[in-house]
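# A structural walkthrough
The chain contents come next:
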Amino acid sequence: MLGALIGDIVGSRFEFNNIKTKDFILFTNECTFTDDSLMTLAVAKVLMDKVYNDKNKIIDYFKYYGRKYNVGYGASFFRWLHSDRRDGYNSFGNGAAMRISPVAYVANSEEEVIELSKKITEVTHNHLEGIKGAEVIAMSIYYARLGKSKNDIKEYASKYYNLDFNYLELVKNYSFDVTCQGTVPQAIYVFLISNDFEDCLRTAISIGGDSDTLACIACSIAEAYYGIDNSLINKALTYFPKELLDIINEFIDKGYYNK
């Protein structure tokens with residue numbers, strides 16, 4: 001989960017101003033947390049409060065945090081957020097995958113990863129591609145937490161996505177894409193070719209596209225696989241207000257990272 005937050009914050013200043021290189025300062029005063037982090041923390045709160053079996057409660061949590069913090073949203077989610085709708089809007093946007101990482105820390109089995117991921121996702125992203133994108137990322141994180149190899153994770157994810165990319169071609173040709181289909185496989189590929197957490201972060205941002213979300217997703221897997229240097233965590237936490245820091249601290253204090 002913390003990896004997702006770091007990826008979002010560092011990638012935030014490049015979302016609409018892509019930088020096609022790994023050579024950049026990670027944290028600046030132009031960085032901020034976005035809807036990626038906010039909705040990730042809303043999911044964490046849903047899971048900690050054990051309201052994931054109540055669709056209306058999940059919706060209430062999303063709308064509470066989403067309406068309170070104006071951090072930039074996709075147009076469809078924004079309309080849903082500020083409406084009275086209590087159903088999904090058939091989305092296959094990458095928001096399904098960007099917010100799902102806490103599931104991999106709460107679930108105790110593959111079956112529970114699938115179950116929780118679907119319940120969290122379908123309240124908004126009830127298109128099959130949205131549900132798939134969230135599930136594949138949640139499971140990839142879960143496998144990384146179990147100590148499975150990159151080959152294991154690649155073999156699993158390749159059942160759902162074509163991961164046959166070339167880094168230099170992505171740097172040259174990859175462009176902004178807010179769909180799960182156009183973000184999730186690239187994020188998994190970036191993780192697979194990375195050397196450590198920071199390299200994954202820099203690589204994700206260097207290929208461009210929806211930089212904050214791509215880095216959020218890739219780094220959520222990288223955290224579970226590599227771990228994160230405390231200096232990166234401590235710096236990222238300075239970007240959050242107390243209410244959101246409380247969610248992060250509660251998630252840590254409840255021992256989900258030690259499961």
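Just so it is clear, the model here is predicted, and its values are computed rather than measured.

A few words on the layout of surface pockets. A volume near 460 Å³ is recorded for the largest pocket. In terms of lining, the largest pocket is formed by 27 residues, of which the most central are Asp 35, Tyr 73, Gly 74, Asn 94 and Val 178. Across the lining of the largest pocket, the residue classes tally to 11 nonpolar, 10 polar and six charged.

The element helix α11 (residues 184–193) is largely enclosed, with a buried count of nine among its 10 residues. Listed in full, the buried residues belonging to α11 are Val 184, Pro 185, Gln 186, Ala 187, Ile 188, Tyr 189, Val 190, Phe 191 and Leu 192. Elements that come into contact with the buried residues of α11 comprise α5 (95–98), α8 (128–145), α9 (150–157), α10 (167–173), α12 (197–206) and α13 (211–226).

The next subject is α13. Over its 16 residues, α13 extends 21 Å from the first C-alpha to the last, a length consistent with the 22 Å expected when each residue adds 1.5 Å. Taking burial as the measure, the 16 residues of α13 include 14 buried ones, the bulk of the element. Positive phi shows up at Gly 227, right after α13, with a value of about 85°.

Its place among the elements puts Val 113 in helix α7 (residues 110–121). In sequence terms Val 113 and Ile 25 are 88 residues apart; their C-alpha atoms lie 35 Å from each other. If we ignore the near neighbours within four places in the chain, the residues touching Val 113 are Val 103, Ala 107, Ala 138, Met 139 and Tyr 142.

Calculation criteria
Residues numbered from 1 in each chain as written. Predicted model: local features only at pLDDT ≥ 70, side-chain atom pairs only at ≥ 80, totals over all residues. Heavy atoms only, no water. 1 Å grid on protein atoms, 1.4 Å probe; cavity = no way out; pocket = protein on both sides within 12 Å on 5 of 7 lines; lining within 4 Å. Points joined across faces, edges and corners; volume = space filled by probe spheres on them. Nonpolar A, V, L, I, M, F, W, Y, C, P; charged D, E, K, R; others polar. Buried < 20%, exposed > 50% of the residue type's maximum accessible area, 1.4 Å probe, protein only. Helix = DSSP H or I, 4+ residues; strand = E, 2+ residues; numbered from the N terminus. Contact = heavy atoms within 4.5 Å. Expected span 1.5 Å × (residues − 1).

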